2 protein chains.
Amino acid sequence: MKIPRWKKAEFEEIEYEPTSIRELLKEMKNICELIVDLAYSAILFNNKEIAEEVRYLEVRMDKLNYQIRIMAMLAARNIEDAEKMAGVLQIAQAAEKISNAAGDIVKLLSYKLTHPILPRLIKESDEIIRKLSISKSSAAVGKKIGELKISSETGVRILAIRRKNKWIYGPKGDIELQEGDVLICIGPEEGMEELNKLLKGEIEVLE
Amino acid sequence: MKIPRWKKAEFEEIEYEPTSIRELLKEMKNICELIVDLAYSAILFNNKEIAEEVRYLEVRMDKLNYQIRIMAMLAARNIEDAEKMAGVLQIAQAAEKISNAAGDIVKLLSYKLTHPILPRLIKESDEIIRKLSISKSSAAVGKKIGELKISSETGVRILAIRRKNKWIYGPKGDIELQEGDVLICIGPEEGMEELNKLLKGEIEVLE
């Protein structure tokens, strides 16, 4: 049996990654904003791939929460620090609640009902969310997002990039794409097809 | 003592607003996406006005959840319906958890600490969130969002509009602005000032 990626992540040893509280909070905020969008998209489009990303981010959030607790305790030296850190922990706990709730939403997809529960029930716009990966042969490898004119040519926005075990949230135009990057994208279906062709090496430029 | 708006909302009688489960879920999804952004913005910019909107949306979410439970029970006629509705209720409950967590985040602002807790702690971009209202004398009254070229001239995006007790989430270009509308906006500080001048009637067009 193949162990899903999020499950593996859950059992990985928690490494103490030295970082700042500021960095931890920033990542938690980014996860919160992304995970809510992804959870709803997974359920609306009955998309298990996106649901898997949600589970993965949920596990990542748990780890960040563990780290931030340790950092906060180490950082508090006096009552004023401690008050600040209590605030930090309250925000961190709320962030974890949000990611757990997103996890609750996608759990629905694992109930083996004969019919999908809510596909496109509340779909209104023409936007879809897709997970696209970059092939070795793609002309996009080594190019910056801005250079490729993804947004203006296809109407697709990249919400996040997963690069191996790291996430880049809300990537800006100066991020260089690499082989194997997984892009979480939102946009019109047609533009998404076009972008996918570029990423798979089927076309050389977006037009 | 002035009773804050969200508190009044809490004690208003719950009226049964006839609507569809689809509409209820759509609004809950919109609130989830908006409330997370707003909660973080409130805390990062130490902004009590935005925090008040969060509390208001949290109360609104409670009401929607109450309504959706009633609707779901009335809708379930057989086992297949009931399974679907159980899924709907699970999503609704997760949505409420998300809005409660957002409420937990902004509660920090009501602790009367001598120093703000996290102002701009994780601020990285130049974007700010502001609540702007439209004066009677503004040239924007009666104009469509698209006509005003708000996004292209100022870089500001309207996340939501509160019009009396109703919300318009992610308004499109064809929405006509009205006197008294409250716009929740995100964008660069400079563009925000420019837009505010238009909305207050200090300038006639954005340039």
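Residues numbered from 1 in each chain as written. Chains lettered and ligands numbered in written order. Predicted model: local features only at pLDDT ≥ 70, side-chain atom pairs only at ≥ 80, totals over all residues.

1. Section: the overall build of chain A
How we decide: Helix numbering and strand numbering both begin at the N terminus, where a helix is a DSSP run of H or I of at least 4 residues and a strand a DSSP run of E of at least 2. What counts as a contact here is a pair of residues whose C-beta atoms, placed from the backbone, lie within 7 Å.
Counting its regular elements, chain A contains seven helices and four strands. Listing each helix as α and each strand as β along chain A from the N terminus yields α-α-α-α-β-α-α-β-β-β-α. Put simply, 79% of the contacts in chain A that link residues at least 6 apart link residues at least 24 apart.

2. Some points on the sheet that holds strand β1 (residues 127–133) of chain B
All names here are of chain B. What counts is decided by this rule: DSSP calls a pair of strands paired once it identifies at least 2 bridges connecting them. Every angle, taken between N-to-C directions, lies between 0 and 180 degrees, and every axis is a line fitted to C-alpha atoms, over only the stretch in contact when it is a helix.
The antiparallel open sheet is built from four strands, whose spatial order is β1-β4-β2-β3. Taken across any chain shown, the strands that pair with only one partner, and hence form the sheet edges, are β1 and β3 (166–169). Averaged over all neighbouring strand pairs, the angle between strand axes comes to 20°, with direction disregarded.

3. Remarks on the domain arrangement of chain A
Residues and elements named next belong to chain A. Rule in force here: Domain ranges listed in this record stem from an automatic or a database domain assignment.
Domain boundaries in chain A define domain 1 (5–110) and domain 2 (127–199). Taking the mean C-alpha position of each, domain 1 and domain 2 sit 24 Å from one another. Counting residues at the interface gives nine residues for domain 1 and seven residues for domain 2. No other element matches helix α2 (residues 21–44), which puts five residues into the side of domain 1 that touches domain 2.

4. Points about the nonpolar core
To be explicit about the condition: Note on definitions: a nonpolar core is a set of buried residues drawn from Ala, Val, Leu, Ile, Met, Phe, Trp, Tyr and Cys, linked by C-beta atoms within 7 Å. Residues with at least 20 other C-beta atoms within 10 Å of their own are called buried, those with 12 or fewer are called exposed, and the rest are partly exposed. The C-beta atoms themselves are positioned from the backbone.
Counting residues in hydrophobic clusters, the biggest one holds 114 residues, and the most contacted among them are Ala39 of chain A together with Ala39 of chain B. With sequence-adjacent residues up to four places away left out, Ala39 of chain A is seen in contact with Val54, Ala102, Ile105 and Val106 of chain A.

5. Quick word on the sheet that holds strand β2 (residues 157–163) of chain A
All names here are of chain A. One open sheet accounts for four strands, arranged β1-β4-β2-β3; its pairing is antiparallel. Edge positions in the open sheet fall to β1 (127–133) and β3 (166–169), since each of these has one partner strand only. Neighbour-to-neighbour, the strand axes of the sheet open up by a mean angle of 20°, direction not taken into account. As paired strands, β2 and β3 are joined by four bridges and run antiparallel to one another. Directly across from Ala160, in β3, lies its bridge partner Tyr169. The strands that helix α7 (residues 189–199) touches are β1 and β4 (182–188); relative to β4, the one it contacts most, it runs at about 150°.

6. Focus on the confidence of the model for chain A
Residues and elements named next belong to chain A. Inclusion rule: Note: pLDDT gives the predictor's confidence per residue, expressed from 0 to 100.
Here chain A averages 84 in pLDDT, while 84% of its residues score no lower than 70. Confidence, expressed as mean pLDDT per element, reaches its minimum in chain A at helix α1 (residues 5–11) with 53 and its maximum at α7 with 93. Throughout residues 11–16 the model reports pLDDT below 50, and contacts reaching past four residues in sequence, or to other chains, amount to two contacts. This complex was scored by the predictor with a pTM of 0.78 and an ipTM of 0.76.

7. Quick notes on unusual backbone geometry
Positive phi outside glycine occurs at Lys149 of chain A, with the angle close to 55°. If you trace the backbone, Lys149 of chain A turns up in the loop between α5 (145–148) and α6 (150–154). The exposure class assigned to Lys149 of chain A is partly exposed, which follows from the 13 C-beta atoms found within 10 Å. Here Asn46 of chain B, not a glycine, exhibits a phi torsion of approximately 50°, which is positive. Summarising the element assignment, Asn46 of chain B is placed in the loop between α2 (21–44) and α3 (48–75).

8. Quick look at the packing of α2 of chain B against α3 of chain B
All names here are of chain B. Put simply, the test is: Note on angle classes: values under 35 degrees are labelled roughly parallel, values over 145 roughly antiparallel, values of 65 to 115 roughly perpendicular, and the remainder oblique. Handedness of a crossing follows from how the near helix is turned relative to the far one, being left-handed for an anticlockwise turn of less than a right angle and right-handed for a clockwise one. Think of it as three bins: nonpolar holds Ala, Val, Leu, Ile, Met, Phe, Trp, Tyr, Cys and Pro, charged holds Asp, Glu, Lys and Arg, and polar takes everything else, Gly as well.
Packing of α2 against α3 brings their axes to within 9 Å, and their N-to-C directions diverge by 160°. In terms of axis orientation, α2 runs roughly antiparallel to α3. Seen from above, α2 lies across α3 with left-handed handedness. Among the residues making up the contact of α2 with α3, the classes are represented as 19 nonpolar, two polar and three charged.

9. Section: the environment of Ser135 of chain B
Residue and element names in this part refer to chain B. The residue Ser135 is located in the loop between β1 and α5 (145–148) in this model. Residue Ser135 is classed as partly exposed on the basis of its 14 C-beta neighbours within 10 Å. It is 10.0 Å that separates the C-alpha atoms of Ser135 and Glu202, two residues lying 67 residues apart in sequence. The residues touching Ser135, leaving out its near neighbours within four places in the chain, are Leu199, Lys200 and Gly201.

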